[in-house]
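Summary of the model geometry
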Amino acid sequence: MGPELTVPPTYSPLPPAVHPRHLEIEARTTAWAERFSIGSDELRGRLVTHGIGGFAARILPDGREEVVSLLADFVLWLFGVDDGYCEESDLGHDPGELTGVLHRLLRVAQNPESPVLPGDSLAEGLRDLRHRMSRYGTAGQTARWIDALREYFFSVVWEASYRRSGTVPSLPDYTLMRLYDGATSVVLPMLEMGHGYELQPHEREHTSVRAAAEMASFIITWDNDIFSHHKESRGEGYYLNVLRVLQNEYGTSPDEALTTAIAQRDRVMTLFMRLSAHLRQQGSPQLRQYLHNLGTFIRGSQDWGITSRRYTTPEDPARLPSTLCSTPTDDSRAPLDIPVISWWWGLVPDDDAAPHERAEAARTS
Ligand code: 3E9
Ligand code: MG
Ligand code: MG
Ligand code: MG
Ligand code: MG
């Protein structure tokens, strides 16, 4: 085990917010996990101390309460899969076996009435989630959620192949995998459901809008890697984290990898802010709401990440920051040297001034 890393306050230009009913949501999610017996007793005992209800309450601070609760239960369920199946069991070392299990779960999500995996607690929990998705979302949103679950499952199978061989992917491959294996894209349909609208496909699938969502996934998962590095590097067995990938890619120390990862997420954050401002100028009210909630997803993940017991691990404390900061460590407008995402930097017109610059120009013209 190397020397302990100290994570400095990281950059956030976005304000904090939490749903006023977060305590009730937290309590209901604990009860839901018990009712469906999600994970082993030991895993569930840990998950209910992680403040997952509060996390969902930060992702959708003004959302419809039933959908915030649904999101909280779903995130707890995802940890039942990600911890229970992928990271802490033999199944996570066997991509073929894992594929079969995940396919059966997908069938449950798609056709909850089919007698697949009867009596399995994750399957029963998923049936309940699916019924509630259909209640609060449209048929299109439910289908999008199932497709996103499939892309998340596909990526954890890829991850399992690295776990099996004990190898570390290249930075571009890790970046591509991480756009999906943090389960961020599975949350996106619930941003719409939380506010009772449906983005039209021509807007949601527009290259720039999809890129904005991918940037949010990048920032959220890079932040997770930064804040969860302590938990992950001290755990037993294999772990995959951007700090490990960067050390492997560039032959640098853990401290240098931390500095690089923070610079990368800061550079993407400044791009996300410019792209959102650009898209807001012409987008529908629904798109503006969606962009707003990509922001609350990012900020909520940061606030949850530095405070959750899951990452602070009080019995062996991580050196995490207690605040965030208002200045990026890297505000370059040049693309990151990662080919799978470097095209993002071509989406914001060069002369697209920052919002405060535009306001100033309008005032003085
Ligand atoms: C994967 O990353 C974490 C997801 C599968 C957990 C579910 C959470 C969400 C869908 C919201 C997105 C939030 C994130 C990525 C924290 P990893 O590194 O296995 O998570 P860990 O908590 O173990 O560090
Ligand atoms: Mg169980
Ligand atoms: Mg994981
Ligand atoms: Mg994990
Ligand atoms: Mg992590």
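Reference entry: report on the structure contained in this document.

Thresholds, definitions, all that
- Residues numbered from 1 in each chain as written.
- Chains lettered and ligands numbered in written order.
- Predicted model: local features only at pLDDT ≥ 70, side-chain atom pairs only at ≥ 80, totals over all residues.
- Heavy atoms only, no water.
- Near = heavy atom within 4 Å.
- Polar contact = N/O pair within 3.5 Å; in protein donor to acceptor, adjacent residues only side chain to side chain.
- Helix = DSSP H or I, 4+ residues; strand = E, 2+ residues; numbered from the N terminus.
- Buried < 20%, exposed > 50% of the residue type's maximum accessible area, 1.4 Å probe, protein only.
- Contact = heavy atoms within 4.5 Å.
- Donors = N, O, S within 2.8 Å, 3.2 Å for Na, K, Ca; no water.

**So, the site of ligand 1**
- In the neighbourhood of ligand 1, 19 residues make up the surrounding shell, with Glu87, Lys231, Glu232, Arg310 and Tyr311 lying closest.
- At 3.0 Å from an oxygen atom of ligand 1 is found a side-chain nitrogen or oxygen belonging to arginine 178.
- Within the side chain of asparagine 224, one N or O atom sits 2.8 Å away from an oxygen atom of ligand 1.
- Listing elements by their share of the shell around ligand 1, those giving two or more residues are α4 (65-87), α8 (171-181), α9 (184-194), α11 (207-234) and α15 (309-312).
- Here the element with the most residues in the shell around ligand 1 is α4; it accounts for five residues.

**Remarks on helix α3 (residues 52-59)**
- Along α3, seven of the eight residues are buried, which leaves the element largely enclosed by surrounding structure.
- All buried positions along α3 are accounted for by Ile52, Gly53, Gly54, Phe55, Ala56, Ala57 and Ile59.
- As for α3, its buried residues are in contact with α1 (22-35), α2 (41-47), α4, α9 and α14 (285-307).

**Description of the coordination of the magnesium ion (ligand 4)**
- Protein-derived coordination of the magnesium ion (ligand 4) comes from Glu87 (OE) and Glu87 (OE), at a distance range of 2.3 to 2.6 Å.
- Separating the magnesium ion (ligand 4) from the magnesium ion (ligand 3) is a distance of 3.3 Å, and glutamate 87 supplies a donor atom to each of them.
- You can see glutamate 87 is positioned in helix α4.

**Overview of the coordination of the magnesium ion (ligand 2)**
- Coordination of the magnesium ion (ligand 2) by the protein is provided by Ser37 (O) and Gly39 (O), with metal-donor distances spanning 2.4 to 2.8 Å.
- Look at serine 37 and you get partly exposed, because its relative accessible area is 31%.

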